[in-house]
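# Close look at the chain arrangement
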Amino acid sequence: MSQEDQHAAAVSAKEEEMRARCADLDRLEANLKHEQDSLAAGQAQLAEETQDRASSKALMLKHKGLLSKREEELNRREEGITAHTAEVSERNFKLDDLELIRMRGERSSWLKQMCPEVV
């Protein structure tokens, strides 16, 4: 084999090696692109989930605040009802006393009519 043939064979081998390396680089580049796309999709999903979580938390806090206000309102109403019940009970007690006084007065009037000498 001549020196030119050896040189041509070496160049041809080197070209083949370079083509193989280029093919490897193309595959690596494609894999890298795929991984970058997957990462971008994962980051987008994470951002969406983070936003959903923040929205859910804000909604939960809003409802918690509304529930607290509602609970305060119910407590005030319960206090008002308790106070009103106490007032009604006191009035009923006074009415019962007045009814007893009235009944004693009627009994006294009846006694006066029936037994004027006793009174």
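Residues numbered from 1 in each chain as written. Predicted model: local features only at pLDDT ≥ 70, side-chain atom pairs only at ≥ 80, totals over all residues. Heavy atoms only, no water.

What the protein contains, in helices and strands, is one helix and zero strands. By the burial criterion, 0% of the 119 residues in the protein qualify as buried. Entry remark: accessible area of the protein is about 11,100 Å², with carbon and sulfur atoms responsible for 58%. Across the protein, the 19 positively charged side chains and the 25 negatively charged ones have centroids separated by 13 Å. (Helix = DSSP H or I, 4+ residues; strand = E, 2+ residues; numbered from the N terminus. Buried < 20%, exposed > 50% of the residue type's maximum accessible area, 1.4 Å probe, protein only. Areas by Shrake-Rupley, 256 points an atom, 1.4 Å probe, with all protein chains shown as cover. Lys, Arg positive; Asp, Glu negative; His and termini not counted. Charge placed at Lys NZ, Arg CZ, Asp CG, Glu CD.)

Turning to the pattern of salt bridges, a few remarks are in order. Scanning all chains against the criterion turns up five salt bridges. The shortest N-O distance in the salt bridge between Arg70 and Glu73 comes to 3.2 Å. Here the residue Arg70 and the residue Glu73 both occupy positions in helix 1 (residues 3–114), the gap between them amounting to three residues, near one helical turn. Between Glu87 and Arg91 there is a salt bridge; the shortest N-O distance is 3.7 Å. Of this pair, Glu87 and Arg91 both sit in helix 1, four residues apart, which is roughly one turn of the helix. (Salt bridge = Lys/Arg side-chain N within 4 Å of Asp/Glu carboxyl O.)

It is worth spelling out the environment of Leu98 at this point. Here Leu98 is to be found in helix 1. Judged by relative accessible area, Leu98 falls into the exposed class, the value being 52%. Sequence separation between Leu98 and Ala41 is 57 residues, and the spatial gap between their C-alpha atoms is 83 Å.

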